[in-house]
Amino acid sequence: MSEPTMRVRFSVNGAAREVTVEARKTLADVIREDLGLTGTHVGCEHGVCGACTVLVDGDPVRSCLMLGVQAGGSDIVTVEGVAGDGVMHPVQQAFWDSHSFQCGFCTPGFVITAYALLRDKPELTEADVRAELSGNLCRCTGYQSIVNGVLAAAERLQDAGKE
Amino acid sequence: MAQATGAARQVGASVRRAEDPRILTGAGRYVDDIVLPGMLHAAFLRSTYAHARITGVDASAARALPGVVAVYTGDEVRSMTQPIVPGTAVGMHLMPGLKTPTFFALATDKVRFVGDPVALVVAESRYVAEDAIDLIDVEYDPLPPVVDAQQALEGSSAPVFDELGDNVIARYPIAFGDTDAAFAEADRVVGATLAVHRHQMVPMEGRGAIASYDPGPGTLTYYASTQSPHILKLLLGPQLQLAPEQVRVLAGDVGGAFGLKTTVGREDVMLAAASKAVGRPVKWIEDRSEHLSSSGQAREETLDIEAAVTDDGRLLGIRGRLTMDHGAYPGDPFPASAFAGAIVSMMPGPTRLRGLSCDITVVTTNKCSYLAYRGPWATETFVRERLIDIIARELGLDPVAVRLANYIEKGEPARMISGQSLVGVTARESLERAMELMDYEGFRRRQRQAAGEGRYLGLGMATYIEAAPGPRSDDQRASQLMGVEKARISVDDRGHVTIVTRQQPHGQGHETTLAQVAADEMGVPFEHVTVLYGDTDITPFAIVGTGGSRSATLAGGVVLHGARALKKKVLDVAAELLEASPADLTIVDGMVSVVGTPTRGLPLGEVARIAAHEPERLPAELRGDLEVEQDYDGGAGGWSGGTHSCIVEVDAETGQVRIDRYVVVEDCGAMINPAIVEGQVRGGVAQGIGAVLLERSAYDDDGQYVSATFMDYLLPTAMEIPSIEIHHVDTVPLDPDVNFRGVGEGGMIVTPAAVVNAIDDALAPLGATIREQHLPPSRILELIGTIA
């Protein structure tokens with residue numbers, strides 16, 4: 001009763017990748033085990049905590065709730081793909097400056113969620129940020145430092161746009 | 001320019017964390033990120049019954065499944081491991097009045113809670129291991145479950161551990177001062193039964209480990225998500241009958257712990273034994289459901305108390321009965337019973353209480369183990385601060401006035417009736433400042449106005465003190481458990497400083513804070529300090545790595561003194577090389593030079609290089625490594641503490657509680673890194689708010705666990721946690737050198753009391769008095785009589 005496997009091709013952080021995986025394997029496990037990108041974390045395996053959030057064709061998704069084979073042909077971005085050429089993205093920089101995180105386990109999910117949020121909605125109030133981040137759980141910080149980080153990033157991206 | 005940067009003090013600044021570049025880019029290394037050659041994967045089969053005898057286990061189908069390497073059940077565990085007698089390694093089993101059961105890593109004869117590990121499957125993948133779990137057939141003969149303390153205390157309840165005879169695992173009295181005299185002097189006695197529900201720590205990374213036994217040399221390398229690598233080493237060695245030198249525990253990034261990961265789980269023991277049996281590395285990563293049902297839970301205490309009070313609101317004495325629901329298996333090395341005494345001894349807090357007596361009863365039930373959770377004794381603050389409000393209401397006095405009548409004045413030579421000096425406590429100042437920030441009188445006017453509009457606003461306050469590390473006495477300094485901190489600190493030929501600490505950070509940012517302290521003391525750039533931890537082969541022994549809010553004082557202090565000693569060694573060597581007096585030398589930005597003559601100098605790295613590789617240039621007494629092994633006993637120590645206050649509005653139609661404002665006024669001594677301090681405070685507040693409004697580790701009447709997902713066990717999100725304002729009161733320095741105090745647990749200790757007091761204040765016009773801590777909307781509606 002060996003499990004059926006499938007060959008899957010997709011773009012991962014801008015590079016073409018191909019893996020052969022069990023059809024039942026979650027995208028989170030494919031990313032971590034078959035692609036070796038362990039920045040994506042698995043916090044609940046039932047789609048609530050958001051630690052495993054990645055972008056699939058631009059949309060933030062819970063990679064624990066999606067099968068790897070479902071992502072065939074897609075463009076995937078993980079936390080490793082947010083920084084460019086060794087330089088942190090402004091949202092990562094703002095999180096660093098804002099002391100946003102502590103243990104770091106939820107962090108990749110917040111980075112991806114905030115990255116997509118700032119791309120889609122550059123002007124944000126604190127209430128917007130809190131609502132948009134409410135699908136990601138953090139147990140360490142009480143969220144304020146994370147909210148501050150997103151607001152700081154929004155401001156910097158706006159300023160950069162004006163220049 | 002560079003010198004100006006180098007000379008700027010790091011301590012006291014919100015220096016950006018050294019940990020963050022890796023964490024923010026996905027380059028952290030948590031235990032599940034590690035892959036070893038030949039590594040197998042494990043999954044546990046867990047009991048679905050709260051209490052049952054195991055009459056048969058058939059694992060043949062699981063063993064036959066392709067990809068399964070081994071299945072271990074209760075039949076095998078007896079020969080693979082040693083019996084667990086929790087607490088023995090650190091003497092906890094010697095507590096008076098405590099009974100200690102003996103058990104194995106897997107259930108052998110019976111299961112004692114939903115989630116009790118019954119079998120372990122080792123397979124080529126986690127997926128196959130979980131497939132195999134489903135193929136194991138266990139026959140159970142159900143026993144009556146013991147689901148709460150009341151049932152446990154009934155003589156007819158089925159013993160959770162047959163050999164203990166009944167379900168009372170610890171019973172002993174504690175008494176301080178003259179309680180009878182306090183009651184004799186009182187104008188009245190106020191009674192209350194106050195209950196705290198079952199909490200849970202819930203770090204975002206659950207438990208997990210890789211056991212890697214190497215059959216050649218007979219060594220175990222254990223990669224763990226832990227707060228305490230050395231306790232794993234201490235307990236796993238004997239389980240596998242290995243010498244200490246044959247066990248090495250490694251820990252990298254740890255995704256939160258909150259006390260949970262000070263315990264060696266039965267799963268750790270089984271995993272290590274499995275790796276030895278199969279001769280290959282075996283990884284086990286807990287999933288969220290088994291985490292919630294099986295990792296560890298906390299609190300669940302009830303206090304029946306009587307308070308002796310005067311008509312002007314002075315609290316003279318407390319008599320009580322503390323009942324703790326300990327769950328089934330005692331934690332190893334810290335059984336829950338160890339925390340019961342601390343709940344009582346900390347209960348006086350900053351008050352002048354004169355007598356306190358309490359009968360402690362700890363019971364076993366068919367639930368997951370009660371383990372340490374951020375401020376394990378926190379029920380004392382809830383009880384004291386709730387009690388003060390109840391007293392104020394009964395006497396018709398203002399709750400602030402009652403607190404001020406009881407809290408000691410700054411500088412008052414007072415001791416808690418349980419013994420500890422209250423030197424340096426600023427409880428009163430924090431309360432006064434909090435009320436000023438809240439515009440207390442103004443709030444009362446707004447509250448009356450709102451009441452006229454049918455709206456229920458409430459203001460709550462609670463004050464706590466925390467021994468972080470507490471004022472030091474000789475016996476405390478001698479205590480190995482928390483007392484003597486050790487570190488090794490050295491400088492290399494790059495001029496970089498390396499600290500080896502026995503702390504095991506899991507979010508606290510020690511790579512940053514300890515580097516800040518060392519950078520200032522040594523005169524090197526912050527970026528030139530590396531903090532090493534998480535390897536029992538190099539770190540000094542510690543029963544608890546990071547926990548107990550003690551690292552600011554103890555680790556900060558050992559690094560401060562160690563860096564000073566190292567600097568002295570460096571200057572002695574440099575003085576010889578520069579033909580100067582050590583007293584005339586300084587180190588700025590990694591350059592050793594003669595004060596006032598910066599051209600006469602040597603880079604720190606060059607001094608270290610000469611010391612290491614050209615010792616012949618130095619007189620014999622100056623030869624040797626530029627390395628220091630430092631001990632630190634905590635110096636004068638001192639209290640952390642503060643007051644939290646919040647304003648809530650309760651919707652009497654829906655039972656929803658909204659927190660409109662949350663103010664913290666705290667004192668953690670001198671801050672190493674204010675942003676890290678504030679992060680610790682806010683994180684604790686969020687857990688406290690979650691505990692009151694959302695979170696409960698719940699069992700039904702059959703002992704079935706009913707909060708095994710994040711849809712049932714509700715953690716607060718960014719929507720539920722308000723902005724938290726943090727203010728600092730002027731601290732009282734007690735030590736000539738080290739006045740950093742711990743701040744890890746305070747937020748979680750005091751917040752439930754502040755929030756419940758606010759809700760109680762809001763509901764007062766509706767005639768409700770709250771005597772419990774978990775207040776979801778349904779419970780609020782029950783309390784105000786909207787629903788039955």
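Calculation rules
Residues numbered from 1 in each chain as written. Chains lettered and ligands numbered in written order. Predicted model: local features only at pLDDT ≥ 70, side-chain atom pairs only at ≥ 80, totals over all residues. Heavy atoms only, no water. Pairing = 2+ DSSP bridges. Helix = DSSP H or I, 4+ residues; strand = E, 2+ residues; numbered from the N terminus. Axes fitted to C-alpha atoms, helices over the stretch in contact; angles between N-to-C directions. Contact = heavy atoms within 4.5 Å. Domains from an automatic or database assignment. Buried area = accessible area lost by both parts, 1.4 Å probe. Salt bridge = Lys/Arg side-chain N within 4 Å of Asp/Glu carboxyl O. Polar contact = N/O pair within 3.5 Å; in protein donor to acceptor, adjacent residues only side chain to side chain. Disulfide = S-S within 2.5 Å. Buried < 20%, exposed > 50% of the residue type's maximum accessible area, 1.4 Å probe, protein only. Expected span 1.5 Å × (residues − 1). Phe/Tyr/Trp six-rings, centres within 6.5 Å; stacked < 30°, edge-to-face > 60°. Lys NZ or Arg CZ within 6 Å of the ring centre and 35° of its normal. 1 Å grid on protein atoms, 1.4 Å probe; cavity = no way out; pocket = protein on both sides within 12 Å on 5 of 7 lines; lining within 4 Å. Points joined across faces, edges and corners; volume = space filled by probe spheres on them. Nonpolar A, V, L, I, M, F, W, Y, C, P; charged D, E, K, R; others polar. Parallel < 35°, antiparallel > 145°, perpendicular 65-115°, else oblique. Left-handed = near helix turned anticlockwise from the far one by under 90°. Core = buried A, V, L, I, M, F, W, Y, C linked by side-chain atoms within 4.5 Å.

**Some words on the sheet that holds strand S19 (residues 529-532) of chain B**
Residues and elements named next belong to chain B. Strand order in the open sheet formed by four strands is S19-S18-S17-S23, with mixed pairing between adjacent strands. Since the sheet does not close on itself, it has two edges, and those belong to S19 and strand S23 (627-632), each with one partner. Between one strand and the next, the sheet's axes are offset by a mean angle of 20 degrees, whatever the strand orientation. Here strand S17 (residues 485-491) runs beside strand S18 (residues 497-501); their pairing, made up of five bridges, is antiparallel. Across the sheet, the residue bridging to Ala487 is Thr501, located in S18. Sheet strands in contact with helix H18 (residues 551-578) are S17, S18 and S23, and its direction is about 145 degrees off that of S23.

**Some thoughts on the domain arrangement of chain A**
All names here are of chain A. Domain annotation for chain A reports domain 1 (5-81) and domain 2 (90-162). Taking only C-alpha atoms, the centre of domain 1 and the centre of domain 2 are 22 Å apart. Contact residues are listed per partner, giving 17 residues for domain 1 and 15 residues for domain 2. Note on domain 1 versus domain 2: buried area summed over both sides is about 1200 Å², and carbon and sulfur give 63% of it. For domain 1, the biggest contributors to the area lost against domain 2 are His41, Leu55 and Val79; these three give 36% of the whole. The tally of links from domain 1 across to domain 2 stands at zero salt bridges. The tally of links from domain 1 across to domain 2 stands at five residue pairs in polar contact (both at pLDDT 80 or more). At the level of elements, strand S3 (53-56) and strand S4 (59-62) are the ones that each hand at least two residues to the side of domain 1 that touches domain 2.

**Looking at the state of the cysteines**
In this structure the tally under the stated criterion is zero disulfides over all chains. Among the cysteines around Cys103(A), which has no disulfide bond, Cys140(A) carries the closest sulfur, lying 3.7 Å off. With relative accessibility at 6%, the residue Cys103(A) sits in the buried group. Here Cys368(B) stays unpaired: no disulfide links it, and the sulfur of Cys44(A), its closest cysteine neighbor, is 19 Å away.

**Points about the interface of chain B and chain A**
Contacts between chain B and chain A engage 56 residues on the former and 46 residues on the latter. When the two sides are added together, the surface that chain B and chain A hide from each other amounts to roughly 4300 Å², 58% of it contributed by carbon and sulfur. If you sort the residues of chain B by the area they bury against chain A, Leu24(B), Tyr127(B) and Met204(B) come out on top, with a joint share of 19%. The tally of links from chain B across to chain A stands at five salt bridges. Between Arg16(B) and Asp97(A) there is a salt bridge whose closest N-O contact spans 2.7 Å.

**Digging into helix H15 (residues 440-452) of chain B**
Residue and element names in this part refer to chain B. With 13 residues, H15 ought to run about 18 Å at 1.5 Å a step, and its terminal C-alpha atoms sit 19 Å apart, in line with that. Among the residues of H15, those classed as buried are Tyr440, Gly442, Phe443, Arg444, Gln447 and Ala450. Summarising the contacts, the buried residues of H15 are in contact with helix H13 (399-406), helix H14 (427-438), strand S16 (456-471), strand S24 (637-650) and helix H21 (746-763).

**Focus on the packing of aromatic side chains**
Taken as a whole and judged by the stated rule, the model has twelve aromatic pairs over all chains. Considering the side-chain rings of Phe44(B) and Trp284(B), the 5.3 Å spacing of their centres and the 85 degrees angle between planes classify their relative orientation as edge-to-face. Separated by 240 residues along the polypeptide, Phe44(B) in strand S1 (residues 40-46) and Trp284(B) in strand S12 (residues 282-285) bring together distant segments of the chain. The class for Phe44(B) is buried, based on a relative accessible area of 7%. Trp284(B) sits in the buried class, given a relative accessible area of 1%. Relative to Tyr329(B), the ring of Phe113(B) lies with its centre 6.0 Å away and its plane at 70 degrees, an arrangement referred to as edge-to-face. A residue pair is termed long-range when its members are at least 10 positions apart, and Phe113(B) in the loop between strand S4 (110-111) and strand S5 (117-123) and Tyr329(B) in the loop between strand S14 (315-325) and helix H11 (337-345) qualify at 216 residues. Given the relative accessible area of 2%, Phe113(B) is considered buried. Every member of this aromatic cluster is reached through a ring pair, and the members are Phe95(A), Phe101(A), Phe110(A) and Tyr143(A). Over the aromatic face of Trp96(A) sits the side chain of Arg16(B), whose NZ or CZ is 3.6 Å from the ring centroid.

**Here's the deal with empty space enclosed by the protein**
Rolled over the atoms, a probe as big as a water molecule pinpoints where empty space is left. All names here are of chain B. For the structure on display, the rule yields seven cavities of 30 Å³ or more. Empty space within the largest cavity amounts to approximately 90 Å³. For the largest cavity, the lining is made up of 16 residues, of which Glu19, Asp253, Pro505, Gly507 and Tyr533 are closest to its centre. In terms of residue class, the lining of the largest cavity is built from five nonpolar, six polar and five charged.

**Quick word on the packing of helix H2 (residues 90-97) of chain A against helix H5 (residues 144-162) of chain A**
Residue and element names in this part refer to chain A. In contact at an axis separation of 8 Å, H2 and H5 are set at 135 degrees when each is read in the N-to-C sense. The angle between H2 and H5 falls in the class oblique. Crossing of H2 against H5: the hand is right-handed. Contacts between H2 and H5 pair Pro90, Val91, Gln93, Ala94, Phe95 and Asp97 from the former with Ile146, Gly149, Val150, Ala152, Ala153, Arg156 and Leu157 from the latter. A class-by-class count of the residues in the contact of H2 with H5 yields nine nonpolar, two polar and two charged.

**Some remarks on the pairing of strand S22 (residues 597-603) of chain B**
The two faces of a sheet get side chains in turn, since along a regular strand they alternate between them. Residues and elements named next belong to chain B. Note: strand S21 (residues 591-594) against S22, four bridges, orientation antiparallel. Along S22, the bridge assignment pairs Ser593 with Gly601. Once S21 ends, the chain turns through two residues before running back antiparallel as S22, passing Gly596 with a positive phi of about 85 degrees.

**Description of the nonpolar core**
With 219 residues, the main nonpolar core has Leu220(B), Tyr222(B), Tyr662(B) and Ile759(B) as its most contacted residues. Of all the elements, H21(B) adds the most residues to this core, at eleven residues. Each of domain 1 (5-81) and domain 2 (90-162) of chain A accounts for three or more of the residues forming this core. Listed in part, the 49 residues of the second largest apolar core include Ala515(B), Val529(B), Leu622(B) and Val738(B).

**Some remarks on the sheet that holds S16(B)**
Residues and elements named next belong to chain B. Strand order in the open sheet formed by four strands is S16-S24-S25-S26, and the pairing between neighbours is mixed. This sheet does not close on itself; its edge strands, each paired only once, are S16 and strand S26 (724-728). Pairwise comparison of adjacent strand axes, ignoring direction, gives a mean angle of 15 degrees for this sheet. In this structure, strand S25 (residues 657-667) lies alongside S26, joined through five bridges in parallel fashion. Among the inter-strand pairings, Tyr662 is bridged to a residue of S26, identified as Ile724. Across the sheet, H15 is in contact with S16 and S24; its angle to S16 comes to roughly 145 degrees.

**Brief notes about helix H5 (residues 126-133) of chain B**
All names here are of chain B. By the criterion of burial, H5 is predominantly enclosed, with six of the eight residues buried. Of all the residues in H5, the buried ones are Arg126, Tyr127, Val128, Ala129, Ala132 and Ile133. The backbone nitrogen of Tyr127 has a side-chain oxygen 3.2 Å away, supplied by the residue at the start of H5, namely Ser125.

**Examining unusual backbone geometry**
A cis amide bond links Asp332(B) to the next residue, Pro333(B), at an omega of 15 degrees. Looking at where Pro333(B) falls in the secondary structure, it is placed in the loop between S14 and H11. Residues Ala468(B) and Pro469(B) are joined by a peptide bond in cis, for which omega reads 10 degrees. By secondary structure assignment, the location of Pro469(B) is in strand S16. For Glu45(A), which is not a glycine, the phi torsion comes out positive at approximately 60 degrees. Mapped onto the fold, Glu45(A) is located in the loop between helix H1 (27-34) and S3.

**Remarks on the side chain of Thr463(B)**
Position of Thr463(B) among the secondary structure elements: in strand S16. At 3.4 Å, the side chain of Thr463(B) and the side chain of Tyr407(B) are in polar contact.

**Some remarks on the layout of surface pockets**
By volume, the second largest pocket amounts to about 900 Å³. Every residue lining the second largest pocket is counted, 44 residues in all, and those nearest its centre are Asp29(A), Glu33(A), Asp32(B), Arg126(B) and Tyr127(B). Residue assignment for the lining of the second largest pocket shows that the elements contributing at least two residues are strand S2 (15-22) and H1 of chain A together with S1, H5, S12 and helix H10 (288-294) of chain B. The element contributing the most residues to the lining of the second largest pocket is H1(A), with five residues. The residue makeup of the lining of the second largest pocket, split by class, is 15 nonpolar, eleven polar and 18 charged.

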